[in-house]
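As a plain string of letters, each chain reads:
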Amino acid sequence: MEILGIENPFPLARSYLARSLDSTQEEAKRLASRWAAEGGEPAFPPGSLVAAEEQSAGRGRMPGRRWSSSPGQNLLFTLRLSPEAVRLSALPLRIGAAVCGAAAALADSIGASFREPPRLKWPNDLMFGNAKACGILCESSGLGVFAGIGVNCNQRAFPEELRGRATSLALELGREVDRWALLELILGELESSLEDGSWRERVGRLLWRAGEEVSFLPGPAPEPGREPEPLRAFLRGIDERGALVLERPDGTAEAYLAGELRAPPVSGIKS
Ligand code: BTN
């Protein structure tokens, strides 16, 4: 593992880069617990991060789902946040808003523009249309919150099973991006805005399919092959807890803290 030569605005934070890891989530937890138990090097206080060029067991939010990424093409990292971050509601959406802001700033800095603006798909994805460009996985322990962020940066081809469902900043901008410049911009946004009281307005403005019809599987991930019939409703926003507010065709609204949003069904329902 080497020291990553980027600007990390979190006080005393360290940034590391590994060529290949099982998962940056696991490595960040190992580094944090080793540093907490023994002190000394390598230091890994809150604000520190570990990035990898490649992961052999990159994890997604849903149990059993892998995060697939071509080696050396994308941004894969885990940021250790202080234990106080646990009390921040909708943390993955706040982080997603920071990634959207950073991606827009990166595009501006190279005089490029996205084919369409990035949107936040509740609860943790950054989308261009119906294709995902970034996933966020927040896990917490007594050592703090471990925010794992995977941004598809320069990958242009995806495995068959992801085709049409995954995209990258390079595909959306029509040119390569500097992964480390993006990382610095993300860290800057997170350091300045993570605890921002106006997170709900910011996230609300970026929300994928706001006001539109969606398909939703409520609750924890179902076992494969045992999926219930998805609910069809209109996406009305998010509440102060970060729960997804849906309005059913009969006009009743309900807020959901867990579940999976899907691309809308082909045939619509009447508003
Ligand atoms: C999701 O969309 O379900 C979340 C994906 C999170 C992927 C990132 S890549 C860096 C970090 N390490 C992991 O193993 N997962 C996260």
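A brief structural summary. (Residues numbered from 1 in each chain as written. Predicted model: local features only at pLDDT ≥ 70, side-chain atom pairs only at ≥ 80, totals over all residues. Heavy atoms only, no water.)

A few points about empty space enclosed by the protein
Applying the stated criterion across every chain yields a total of one cavity of 30 Å³ or more. The space that makes up the largest cavity amounts to roughly 40 Å³. Together, Arg94, Ala97, Ser193, Asp196, Trp199, Arg202 and Val203 line the largest cavity. Of all elements in the fold, only helix H2 (91–109) and helix H5 (199–206) reach the threshold of two or more residues within the lining of the largest cavity. With three residues, the single largest contributor to the lining of the largest cavity is H5. (1 Å grid on protein atoms, 1.4 Å probe; cavity = no way out; pocket = protein on both sides within 12 Å on 5 of 7 lines; lining within 4 Å. Points joined across faces, edges and corners; volume = space filled by probe spheres on them. Helix = DSSP H or I, 4+ residues; strand = E, 2+ residues; numbered from the N terminus.)

A closer look at the site of the ligand
In the vicinity of the ligand, 21 residues are found, and the nearest of them are Ser23, Gln55, Arg59, Arg61 and Lys132. For the ligand, an oxygen atom lies 2.7 Å from a polar atom in the side chain of Ser23. Taking Arg59, its main chain carries an N or O atom lying 2.7 Å from an oxygen atom of the ligand. A total of 410 Å² of accessible area belongs to the ligand in isolation, and the protein chains cover 97% of it. With respect to the detected pockets, the ligand is housed in the largest pocket. Elements that contribute at least two residues to the shell around the ligand include exactly helix H1 (24–38), strand S4 (75–81), strand S7 (131–141) and strand S8 (144–151). (Near = heavy atom within 4 Å. Polar contact = N/O pair within 3.5 Å; in protein donor to acceptor, adjacent residues only side chain to side chain. Areas by Shrake-Rupley, 256 points an atom, 1.4 Å probe, with all protein chains shown as cover. Sits in = over half its atoms within 2 Å of the grid points.)

A short note on helix H4 (residues 179–193)
Taking 1.5 Å of rise per residue, 15 residues should cover 21 Å, and H4 covers 21 Å from first to last C-alpha, within 8% of that figure. For H4, every residue scored as buried is listed here: Arg179, Leu182, Leu183, Ile186, Leu187, Glu189, Leu190 and Ser193. Projected onto a plane normal to the axis of H4, the buried residues spread over an arc of 165° and lie on a single side. In the core, the buried residues of H4 are packed alongside strand S3 (49–55), S4, H2, S8, helix H3 (169–173) and H5. Among the residues of H4, the N-terminal cap falls to Asp178, whose side-chain oxygen and the backbone nitrogen of Trp180 are separated by 3.0 Å. (Expected span 1.5 Å × (residues − 1). Buried < 20%, exposed > 50% of the residue type's maximum accessible area, 1.4 Å probe, protein only. Arc of directions from axis to C-beta. Contact = heavy atoms within 4.5 Å.)

Focus: the layout of surface pockets
Taken as a whole, the largest pocket holds about 1000 Å³ of empty space. Taken together, 45 residues make up the lining of the largest pocket; nearest its centre are Arg65, Trp67, Asp125, Lys132 and Arg165. Listing elements by their share of the lining of the largest pocket, those giving two or more residues are H1, S4, strand S6 (125–128), S7, S8 and strand S13 (259–262). Among the residues making up the lining of the largest pocket, the classes are represented as 17 nonpolar, 17 polar and eleven charged. (Nonpolar A, V, L, I, M, F, W, Y, C, P; charged D, E, K, R; others polar.)

Quick notes on the side chain of Thr78
Considering the arrangement of structural elements, one finds Thr78 in strand S4. Residue classification places Thr78 among the buried positions, given a relative accessible area of 0%. Looking at Thr78, its side chain comes within polar contact range of the side chain of Thr24, at 2.7 Å. Within polar-contact distance, the side chain of Thr78 engages the side chain of Gln25 at 2.6 Å. Those residues within four positions of Thr78 in sequence are excluded, and the remaining contacts are Thr24, Gln25, Ala28, Ser48, Leu49, Val50, Phe146, Ala147 and Gly148.

Some details on the sheet that holds S13
Pairing is antiparallel in the open sheet, where five strands are placed in the order S12-S11-S10-S9-S13. Edge strands, defined here as strands with exactly one partner in the open sheet, are strand S12 (253–256) and S13. Taking each pair of neighbouring strands and ignoring which way they run, the sheet shows an average axis angle of 45°. Both strand S11 (residues 244–247) and S12 contribute to a ladder of four bridges, which runs antiparallel. Its bridge partner being in S12, Leu246 is matched across the sheet by Glu254. (Pairing = 2+ DSSP bridges. Axes fitted to C-alpha atoms, helices over the stretch in contact; angles between N-to-C directions.)

Here we look at the pattern of salt bridges
Across all of its chains, the model carries 22 salt bridges by this definition. Glu54 serves as the salt-bridge partner of Arg19, at 3.8 Å between the closest nitrogen and oxygen. Of this pair, Arg19 sits in strand S2 (residues 15–21) while Glu54 sits in strand S3, placing them 35 residues apart in sequence. Of the charged contacts in the structure, one is a salt bridge between Arg209 and Glu212, with a shortest N-O distance of 2.6 Å. Shared partners join several salt bridges into a network, and the residues in it are Glu26, Lys29, Arg59 and Glu139. (Salt bridge = Lys/Arg side-chain N within 4 Å of Asp/Glu carboxyl O.)

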